Amino acid sequence: MADKAPVFWKLISAMLFTLLLCFITLYRNQKPKDNFFHLTSKITSISNSLDIQGHLNPNNEPIRYLKIEDYPKYFKLLIGEDIDGSKPTFQQIDKLKVDDTITVYYDETSLGGDAEVSRLAHFIDKDGKPYFIRGKQNTIGYYIIGLCLSVIAVSYFLKKNGRIS
């Protein structure tokens, strides 16, 4: 039995859903520091690679893995430029040492990593001074929004000209 919903409305629905997800992501990236979970604890480990599947770093990419006493996961921190051009606003992670007491401001979602590593540390302070401020990773979100709006516009044009139902 064939699906009777017109192609136009399927495209529009998918694009609107994607736009909604993009706007939610962009909003979450704009949260102020005080709206994140935070934890003050001692550093137990800092490294550029983990002996965990998917987190080995043979190419020595600009990544640091930070572990603190009172949190079960490692924090994965990008300290250089990512392929989409995003990079930390400020970072001095390499000045931190094991046993330093820091405050990590982070997010908790199921999309932020895996069972052993979180990618959602946004700020790290030591003695009230910033040592890491995650950059706004909005570039991909803006590209996807542009793509969705383009697909909606082309779909409308094709619908208006009778090329799709």
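## A closer look at the overall build of the protein
Next, step 1: When its secondary structure is counted, the protein shows two helices and eight strands.
Next, step 2: Counting helices and strands in the order they occur from the N terminus, the protein gives α-β-β-β-β-β-β-β-β-α.
Next, step 3: Intrachain contacts of the protein at a sequence separation of at least 6 include 61% that bridge at least 24 residues.
Next, step 4: Accessible surface for the protein amounts to roughly 10,500 Å². Of this, 57% is attributable to carbon and sulfur atoms.

## What about a nonpolar patch on the surface?
Next, step 1: Residues Phe 17, Leu 20, Leu 21 and Ile 24 make up a contiguous nonpolar surface patch of about 390 Å² in total accessible area.
Next, step 2: By secondary structure assignment, the location of Leu 21 is in helix H1 (residues 7–29).

## Details of the confidence of the model for the protein
Next, step 1: Across the protein, the average pLDDT comes to 83, with 88% of residues at 70 or higher.
Next, step 2: Here H1 is the element of the protein with the lowest mean pLDDT, 81, and strand E5 (residues 101–106) is the one with the highest, 96.

## Some remarks on the pairing of strand E7 (residues 121–126)
Next, step 1: For E7, the tally of buried residues reaches six of six residues, placing the bulk of the element in the interior.
Next, step 2: Bridging between E5 and E7 involves four bridges; their strand directions are antiparallel. Residue Val 104 lies in a different strand from E7, and its bridge partner there is Ile 124.
Next, step 3: Note that E7 and strand E8 (residues 129–133) share four bridges and pair antiparallel. For Ile 124, the partnering residue across the bridge sits in E8 and is Phe 132.

## Overview of the side chain of Lys 31
Next, step 1: As for its placement among the helices and strands, Lys 31 is situated in the loop between H1 and strand E1 (37–47).
Next, step 2: Exposure remark for Lys 31: the relative accessible area of 18% places this residue in the buried category.
Next, step 3: Looking at Lys 31, its side chain comes within polar contact range of the side chain of Asp 107, at 3.2 Å.
Next, step 4: Beyond its immediate chain neighbours, meaning those up to four positions away, Lys 31 contacts Phe 36 and Asp 107.

Cut-offs used in this document
Residues numbered from 1 in each chain as written. Predicted model: local features only at pLDDT ≥ 70, side-chain atom pairs only at ≥ 80, totals over all residues. Heavy atoms only, no water. Helix = DSSP H or I, 4+ residues; strand = E, 2+ residues; numbered from the N terminus. Contact = heavy atoms within 4.5 Å. Areas by Shrake-Rupley, 256 points an atom, 1.4 Å probe, with all protein chains shown as cover. Patch = residues over 30% accessible without salt bridge, like charges linked within 9 Å, V, L, I, M, F, W, Y side chains within 5 Å. Salt bridge = Lys/Arg side-chain N within 4 Å of Asp/Glu carboxyl O. pLDDT = per-residue confidence, 0-100. Buried < 20%, exposed > 50% of the residue type's maximum accessible area, 1.4 Å probe, protein only. Pairing = 2+ DSSP bridges. Polar contact = N/O pair within 3.5 Å; in protein donor to acceptor, adjacent residues only side chain to side chain.

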